[in-house]
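Structure at a glance
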Amino acid sequence: VGEAPASRRVLLKLSGETFGGGEVGLAADVVQRIAAEIAVAVRSGVQVAIVCGGGNFFRGAELSQRGLDRARADYMGMLGTVMNCLALQDFLEQAGVTTRVQTAITMGQVAEPYIPLRAIRHLEKGRVVIFGAGAGMPYFSTDTVCVQRSLETHCDEVLMGKNGVDAIYTADPKKDPDAQRLDHVTYTDALVRGLAVMDATALSMCRDNDVRMRVFGLEEPGNVTRALQGEKIGTSVTA
Ligand code: UDP
């Protein structure tokens, strides 16, 4: 579907934890700051697609432990991601960026349906495309979705923005004083060593399709712009 883009095109993953500032609901100040940083990169010519997580509202696996049917709980989780998409859309528009939200579950009043060719066209026109509602399928994660969307829309790189950590480490640096910061890892390494990058389904999809990925910390001011523009911050992950 479509040709490889001439200018840099990236897919940014923002987790629910980012949107909630570690709590339930919306940390508007955080989202506003990230939107402003995205706007700088867009103005410099980077094509930006974004996948929003939803863990700040509901995670299907957690809800199912409280007695809900897993699939229905997962749909609740997916609906939560859409609220994050709309919040980010609003702050991006306020920052002067044209945006489109595309959801994997149709909801015509608030978003376009996911149409890959149309998403690519938006990106070519300099619009930021925000993907919501995950894959529209229970038992998937937004990490897996971001790999799939990046492949289908021909992104050059997947950028995993993280909270509380600025790169991949050999162990949790908050718990283990011997944890080493890694500049580069392979997907196989990440899978075998159980490194905190993304879930195993998403990692193996990256490995099988030769995806380029960078894991970086969102908190340092300017880091979102840097990652979008291709600065080698954090940890690079390759096949
Ligand atoms: N989800 C799903 N299918 C998808 C994507 C997400 O069922 O394709 C549900 C799942 O219940 C998940 C929730 O939506 O727990 C929120 O997504 P995720 O946990 O990936 O968000 P994040 O961890 O990035 O905040």
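Residues numbered from 1 in each chain as written. Predicted model: local features only at pLDDT ≥ 70, side-chain atom pairs only at ≥ 80, totals over all residues.

**Thoughts on the nonpolar core**
- Grouped together as the largest cluster of nonpolar side chains are 65 residues, with contacts concentrated most on Ile38, Val48, Ile50 and Leu228.
- For this core, the element with the highest residue contribution is helix H2 (residues 28-43), accounting for seven residues.
- In this view, leucine 228 contacts Val10, Leu12, Ile38, Ala41, Val46, Val48 and Leu159; residues no more than four positions away in its chain are not counted. (Core = buried A, V, L, I, M, F, W, Y, C linked by C-beta atoms within 7 Å. Buried ≥ 20, exposed ≤ 12 C-beta atoms within 10 Å, placed from the backbone. Helix = DSSP H or I, 4+ residues; strand = E, 2+ residues; numbered from the N terminus. Contact = placed C-beta atoms within 7 Å.)

**Focus: the packing of helix H6 (residues 142-152) against helix H8 (residues 200-208)**
- In the contact formed by H6 and H8, the axes pass within 8 Å of each other and the chain directions differ by 20°. Considering the angle they form, H6 stands roughly parallel to H8. For the crossing formed where H6 meets H8, the hand is left-handed. Contact residues: H6 offers Asp143, Thr144 and Val147, while H8 offers Thr201, Ala202, Met205 and Cys206.
- Considering only residue class, the contact of H6 with H8 consists of four nonpolar, two polar and one charged. (Axes fitted to C-alpha atoms, helices over the stretch in contact; angles between N-to-C directions. Parallel < 35°, antiparallel > 145°, perpendicular 65-115°, else oblique. Left-handed = near helix turned anticlockwise from the far one by under 90°. Nonpolar A, V, L, I, M, F, W, Y, C, P; charged D, E, K, R; others polar.)

**What about the pairing of strand E3 (residues 99-103)?**
- Within E3, four of the five residues are buried, leaving the element largely enclosed by the surrounding structure.
- In the sheet, E3 pairs with strand E5 (residues 128-132) via five bridges, with the strands oriented parallel. Looking at the pairing, threonine 99 lines up with valine 128 of E5.
- Alignment of E3 against strand E4 (residues 112-113), held across two bridges, turns out to be parallel. Residue pairing for E4: glutamine 102 is matched across the bridge by glutamate 112. (Pairing = 2+ DSSP bridges.)

**Observations regarding the UniProt feature "binding site: UMP" (unreviewed entry) in the protein chain**
- As annotated by UniProt and renumbered to match this structure, "binding site: UMP" (unreviewed entry) occupies Gly54, Asp74, Ala135, Gly136, Met137, Pro138, Tyr139, Phe140, Ser141 and Thr142. On the basis of their most widely separated C-alpha atoms, the annotated residues across 89 residues gather in one place, lying no more than 14.1 Å apart.
- Looking at where tyrosine 139 falls in the secondary structure, it is placed in the loop between E5 and H6.
- A residue is classified by how many C-beta atoms lie within 10 Å of it, and tyrosine 139, with 12 of them, is exposed. (UniProt positions renumbered as here; feature names shortened; annotations may be inferred.)

**Re the confidence of the model for the protein chain**
- Of the residues in the protein chain, 98% have a pLDDT of 70 or more, and the chain-wide mean is 96.
- With a pTM of 0.96, the predicted complex shows an ipTM of 0.98. (pLDDT = per-residue confidence, 0-100.)

**Let's talk about the pairing of strand E2 (residues 47-52)**
- For E2, a buried count of six out of six residues is recorded, marking the element as mostly surrounded by other parts of the structure.
- Side chains Gln47, Ala49 and Val51 of E2 all project onto a buried face; the interleaved residues Val48, Ile50 and Cys52 project onto the opposite face, where all are buried too.
- Pairing geometry for strand E1 (residues 9-14) and E2, over six bridges, is parallel. From the neighbouring strand, leucine 12 faces E2, where its bridge partner is isoleucine 50.
- As judged from the three bridges shared by E2 and E5, these two strands associate in the parallel manner. When the bridges of E5 are listed, valine 51 appears paired with phenylalanine 131.

**With respect to the site of the ligand**
- In the neighbourhood of the ligand, 21 residues make up the surrounding shell, with Gly16, Gly53, Gly60, Gly77 and Gly134 lying closest.
- At the level of secondary structure, the elements contributing two or more residues to the shell around the ligand comprise helix H1 (16-20), helix H3 (60-65), helix H4 (70-94) and H6.
- Broken down by element, the shell around the ligand gets its largest block of residues, four residues, from H4.
- Grouping the amino acids of the shell around the ligand by side-chain chemistry returns seven nonpolar, eleven polar and three charged. (Near = placed C-beta within 6 Å.)

**Observations concerning the sheet that holds strand E10 (residues 213-217)**
- With mixed pairing, nine strands are arranged side by side in an open sheet as E4-E3-E5-E2-E1-E6-E10-E11-E9. Here the strands that pair on one side only, and so sit at the sheet edges, are E4 and strand E9 (184-186).
- Together, E1, E2 and E5 form the strand contacts of H2, whose direction differs from that of E2 by roughly 155°.

**Details of the UniProt feature "binding site: ATP" (unreviewed entry) in the protein chain**
- Summarizing the sequence annotation, UniProt attributes the feature "binding site: ATP" (unreviewed entry) to Lys13, Leu14, Ser15, Gly16, Gly55, Arg59, Asn163, Tyr169 and Asp172 in the numbering used throughout. Spanning 160 residues, the named residues do not form one spatial group; their C-alpha atoms are separated by as much as 25.2 Å.
- Turning to its location among the elements, glycine 16 is positioned in helix H1.
- A tally of 22 C-beta atoms within 10 Å means that glycine 16 is categorised as buried.
- Tracing the backbone shows glycine 55 in the loop between E2 and H3.
- Apart from the residues within four sequence positions on either side, glycine 55 is in contact with Ser15, Gly16 and Glu17.

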